[in-house]
Amino acid sequence: MESLANLALRRPHKRDLPSLGRDALAGVISAVVQIAYCISFSALIFQGALASGFSLGLAAIIMGTVVTGIVVALTSTLSPADAGPDTPAIAVMSVLAGSIAAALAAKGASTQAIILNVMVGISVSTLFTGILLFGLGALKLGQWVRFIPYPVIAGFLAASGWLLMTGGVEVVTQSNLTLSPASWAMLYSPTYGPQILVGLAFAVAIVVIGRLVPDYLALPVAFISFLVVANVILFGFVSDEVRSAWFLPSLGQLTLWWPISAVMQHDVDWGVLAQSSAEIGAVCGITAISMLLDVSSLEVARQKSADLDKEFRTNGFANILAAVAGGADGNLSLNGALLIEKSGAVGRLGGVFAALVCAVVLFAGADIGAMVPKAILMGMLAYLGATILAETLHSPAQSSLAEWGLAGAIMLVIVNFGYLMGVVLGVIGACLMFALSYSRIGVIRRHLTRGDFSSNVERAPEQTRLLREEGVRLHVFWLSGFIFFGSSNGLFERIRRVIDSQDEKPVGYVVLDFSAVPGLDTSAVLSLIKLRNYCNEHGVILVFSGLTEVMRASFQKAGFFTSGQPHQVFATRNEAIEWCEDMLLMYHEVGEASVHSFESWLTHELGGAADMSRITPYLERHEVNVGEALFQQGEPPDSVEILASGCVAITIKDEQGRPIRLRRMMGYTIVGEMGFYRQVPRTATVIAEEPSVVYRLTRDSFDKMQEQDPTAASVFHKLIIRLLSDRLEFANREISALL
């Protein structure tokens, strides 16, 4: 019954009239702002020689707002939501329109043909944007888009903001601004100067009004107030000749754009469109980036997690529909979603009502361009551009001067040379910055000598002492991360300095552990070849461990492990260190280290308070063959073994029952004392790896020794305590070295 109740809670409820009223009012407010945006955006794209295409472009932008608005409102995971043309994408689209127009004008094409090709370019960019967004969502690549470096995003957004601001001025002057001072001279003329001042006043008014009224009302209040006041003054107190300069030319009713019909009936210059493929790709890319930023920001604002892949799929589908229906690029809008929410919308119908109001304006055919002064359009664009620049400067995290420098360089390149060059610079710059930053981290995670870290082999005391004394001749380097051209030379220099700095006891062995290295490039192999040659000159042997098959093949091809080279390779770091220890002992094991017998060692360890003869009667001598177990994991701890010769391995079984070797113990040591003294079952299995001789002290014999010869028992206790203390001391030193 409880599960049925939970399902009932998730069942959609019928909408009441107050909720519908709130959604409808929010939709109307949002639609007013969207229409204002659309007018400004169309004026930005269709200016100068393209001015006669304003109404056609405005119809396409509003159509895109209607289609994407309905689809996104009904499917978004961040409801209530709204959609429409995004500011950065429109800025790029204006560059696309200018590129197509310039190429066709050079060919002597008519104004009508130029406008037709610009509209086709907008439709093509919208279609490819939809395909890109849908593909990202369908292939579940949404999370990968989040990895775009922030300097690249900042550069794109800053360039878009600047282009919007300068584009607003171009809407007023109906001319292109260039680096030439002559193109800026008209800004001070009696015709355009007052319009620019009014536009700037409108942009400032939006900010000021936003501090007096709720945020969602700032833009509508400023827009309607300035529109009413400006029209009253222009139509009531200004001559027709002066007033005409304040408005876009009257172009009649809005005309719907049907791209399929236009492509079939008119001549489209596909060569020019192909030449503008960089700008078309920039529209697609900047829309994806803008949408990612909008979704991420909306997640934070609403404290809700969105399904980014679903957002990409639905927005992609919406753009494909918009392209077919003659609409322009559009997507989920952060500002639109916040506006419609703050306007009182409580559900998905808020966005639907906003789109429907825009549809009414579109199909009613009002000549909107002749009603809104260019100064207000310029102020709208200037406000949006300044907002984008401000948000870009407000970095989400502390950014370095290099990151800001790259972002600024991308912005300047885009503004002056186009988005293609900006993309190239962004990719190259981001890669170089990453390589430089990553190379500073270094690939050496830890560096120790044998004096601080040993293999999992417990050796005789004399051998242990010798390895501690000669441990500085064996260096172990733990490597991590991908090794590439930026970090491989640092690895070589670090090892070279270690080799050069040791004179008294020269370095003999260098262990390089690649267990945490996922891969390396050719530059890394070349640096290690240089290291190999340097080691050959100084008599140092390189010992590799943890290599993958691919890395091992690379080193094999480079001649590291050929018969003429002394360098070695092992599967694990422990095996590599163990081999180096054996080589050190083979070279240095003379005198005291080789003449001790088991009897003399045990007598020495007992300390003279009790000689060998007092202990021997309680010990049982056993010869153990290879593979024979001294005791098994889980058995009762009824004895302790003194290893006189040979070698044993301590193993445990994992969850699948497979044996795992923990430690290897050579002669002249004691095994099994932990379970014996704690009286708990054996925690591991001990198996002979070589023919071995052990002396076993059973619990019964130990009890007899304590009863018959307390002094011998006390000495044996001290031997165990000293042995455990030595093991603990070395383990503590290893742990301290690894921290």
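Residues numbered from 1 in each chain as written. Predicted model: local features only at pLDDT ≥ 70, side-chain atom pairs only at ≥ 80, totals over all residues. Heavy atoms only, no water.

### A word on the overall build of the chain
- When its secondary structure is counted, the chain shows 30 helices and 16 strands.
- For the chain, with 739 residues in total, the buried portion stands at 52%.
- For the chain, contacts bridging at least 24 residues in sequence account for 82% of all contacts bridging at least 6. (Helix = DSSP H or I, 4+ residues; strand = E, 2+ residues; numbered from the N terminus. Buried < 20%, exposed > 50% of the residue type's maximum accessible area, 1.4 Å probe, protein only. Contact = heavy atoms within 4.5 Å.)

### Notes on a negative patch on the surface
- A cluster of acidic residues, Glu 635, Asp 638, Asp 700, Asp 703 and Glu 707, forms a negative patch at the surface.
- A relative accessible area of 40% means that Asp 703 is categorised as partly exposed. (Patch = residues over 30% accessible without salt bridge, like charges linked within 9 Å, V, L, I, M, F, W, Y side chains within 5 Å. Areas by Shrake-Rupley, 256 points an atom, 1.4 Å probe, with all protein chains shown as cover. Salt bridge = Lys/Arg side-chain N within 4 Å of Asp/Glu carboxyl O. Lys, Arg positive; Asp, Glu negative; His and termini not counted. Charge placed at Lys NZ, Arg CZ, Asp CG, Glu CD.)

### A short note on the side chain of Ser 692
- Here Ser 692 is to be found in strand S16 (residues 692-698).
- Polar contacts involving the side chain of Ser 692 include one to the main-chain amide nitrogen of Cys 647, which spans 3.1 Å.
- Residues within four places of Ser 692 in sequence aside, it is in contact with His 622, Glu 623, Val 624, Leu 643, Ser 645, Gly 646, Cys 647 and Val 648. (Polar contact = N/O pair within 3.5 Å; in protein donor to acceptor, adjacent residues only side chain to side chain.)

### Examining helix H21 (residues 485-501)
- With 17 residues, H21 ought to run about 24 Å at 1.5 Å a step, and its terminal C-alpha atoms sit 25 Å apart, in line with that.
- If you check which residues of H21 are buried, you get Ser 487, Ser 488, Leu 491, Phe 492, Ile 495, Val 498 and Ile 499. Seen from one end, H21 has its buried residues packed into an arc of 150 degrees, which puts them on one side. When the buried face of H21 is taken as reference, the exposed residues oriented beyond 90 degrees from it are Phe 485 and Ser 501. (Expected span 1.5 Å × (residues − 1). Arc of directions from axis to C-beta.)

### Looking at unusual backbone geometry
- Ser 79 connects to Pro 80 through a cis peptide bond whose omega is -5 degrees.
- Its location among the elements puts Pro 80 in the loop between helix H3 (54-75) and strand S1 (83-84).
- Phi is positive for Gln 679, close to 60 degrees, though the residue is something other than glycine.
- Overall, the relative accessible area of 59% leaves Gln 679 in the exposed class.

### Some details on the confidence of the model for the chain
- Considering every residue of the chain, the mean pLDDT works out to 81; 87% of them sit at 70 or more.
- Here helix H1 (residues 2-10) is the element of the chain with the lowest mean pLDDT, 36, and helix H14 (residues 308-324) is the one with the highest, 93.
- Scored below 50 in pLDDT, residues 1-13 shows zero contacts in the model against residues more than four places distant or in partner chains.
- Residue range residues 590-595 is modelled with pLDDT below 50. Its contacts to residues more than four positions away, or to other chains, number four contacts. (pLDDT = per-residue confidence, 0-100.)

### A short note on the packing of H3 against H14
- Two elements in contact, H3 and H14, have axes separated by 9 Å at closest approach and are oriented at 150 degrees. One finds that H3 runs roughly antiparallel with respect to H14. When you trace H3 past H14, the crossing you get is right-handed. Listed contacts from H14 to Gly 64, Val 67, Thr 68, Val 71, Val 72 and Thr 75 of H3 are Lys 310, Thr 314, Asn 315, Phe 317, Ala 318, Asn 319, Leu 321 and Ala 322. (Axes fitted to C-alpha atoms, helices over the stretch in contact; angles between N-to-C directions. Parallel < 35°, antiparallel > 145°, perpendicular 65-115°, else oblique. Left-handed = near helix turned anticlockwise from the far one by under 90°.)

### Overview of the sheet that holds strand S6 (residues 509-516)
- Across the sheet, which stays open at both edges, the five strands sit in the order S3-S5-S6-S7-S8 with mixed pairing between neighbours. Two strands bound the open sheet, and with one partner strand each, they are strand S3 (444-449) and strand S8 (568-570). When the angles between neighbouring strand axes are averaged without regard to direction, this sheet yields 20 degrees.
- Both strand S5 (residues 474-480) and S6 contribute to a ladder of six bridges, which runs parallel. Within the sheet, the bridge partner assigned to Ser 480 lies in S6 and is Ala 516. (Pairing = 2+ DSSP bridges.)

### Quick notes on the packing of helix H2 (residues 17-45) against helix H17 (residues 374-393)
- It is at 9 Å that the axes of H2 and H17 come closest, and there the two elements cross at 95 degrees. Judged by the inter-axis angle, H2 sits roughly perpendicular to H17. Here Ala 36, Tyr 37, Ile 39, Ser 40, Phe 41, Ala 43 and Leu 44 of H2 lie close against H17, whose contacting residues are Leu 377, Met 380, Leu 381 and Leu 384.

### Comments concerning the sheet that holds S16
- Spatial strand order, S9-S16-S11-S14: four strands in an open sheet with antiparallel pairing. The sheet is open, and its two edges are formed by strand S9 (620-624) and strand S14 (669-671), each paired on a single side. Taking each pair of neighbouring strands and ignoring which way they run, the sheet shows an average axis angle of 30 degrees.
- Inspection of the sheet shows strand S11 (residues 639-645) paired to S16 by six bridges, in the antiparallel sense. Within S16, the residue paired with Ser 639 across the bridge is Thr 698.
- Strands S11, S14 and S16 of the sheet are contacted by helix H26 (residues 598-606), whose axis makes an angle of about 130 degrees with S11.

### Remarks on the pattern of salt bridges
- On inspection of all chains with the given rule, the structure shows 14 salt bridges.
- A salt bridge links Arg 664 to Glu 578; the nearest nitrogen and oxygen atoms lie 2.5 Å apart. Separated by 86 residues along the polypeptide, Arg 664 in strand S13 (residues 659-666) and Glu 578 in helix H24 (residues 573-588) bring together distant segments of the chain.
- With a relative accessible area of 11%, Arg 664 lands in the buried category.
- Each of Glu 578, Arg 664, Glu 689 and Glu 690 takes part in one network of salt bridges that share partners.

### Quick look at the environment of Gly 422
- Along the chain, the position of Gly 422 falls in helix H19 (residues 419-441).
- Among the residues examined, Gly 422 registers a relative accessible area of 0% and is labelled buried.
- In sequence terms Gly 422 and Ala 282 are 140 residues apart; their C-alpha atoms lie 9.7 Å from each other.
- If we ignore the near neighbours within four places in the chain, the residues touching Gly 422 are Ile 410, Val 413 and Ile 414.

### A look at helix H8 (residues 193-210)
- Here H8 spans 26 Å end to end across 18 residues, near enough to the 26 Å set by a 1.5 Å rise per residue.
- Of all the positions in H8, only Gly 193, Gln 195, Ile 196, Gly 199, Phe 202, Ala 203, Ala 205, Ile 206, Ile 209 and Gly 210 are classed as buried.

### Comments concerning the environment of Ala 430
- Relative to the helices and strands, Ala 430 resides in helix H19.
- When its relative accessible area of 15% is taken as the criterion, Ala 430 is described as buried.
- When the C-alpha positions of Ala 430 and Pro 151 are compared, they lie 7.5 Å apart, and in sequence the two are 279 residues distant.

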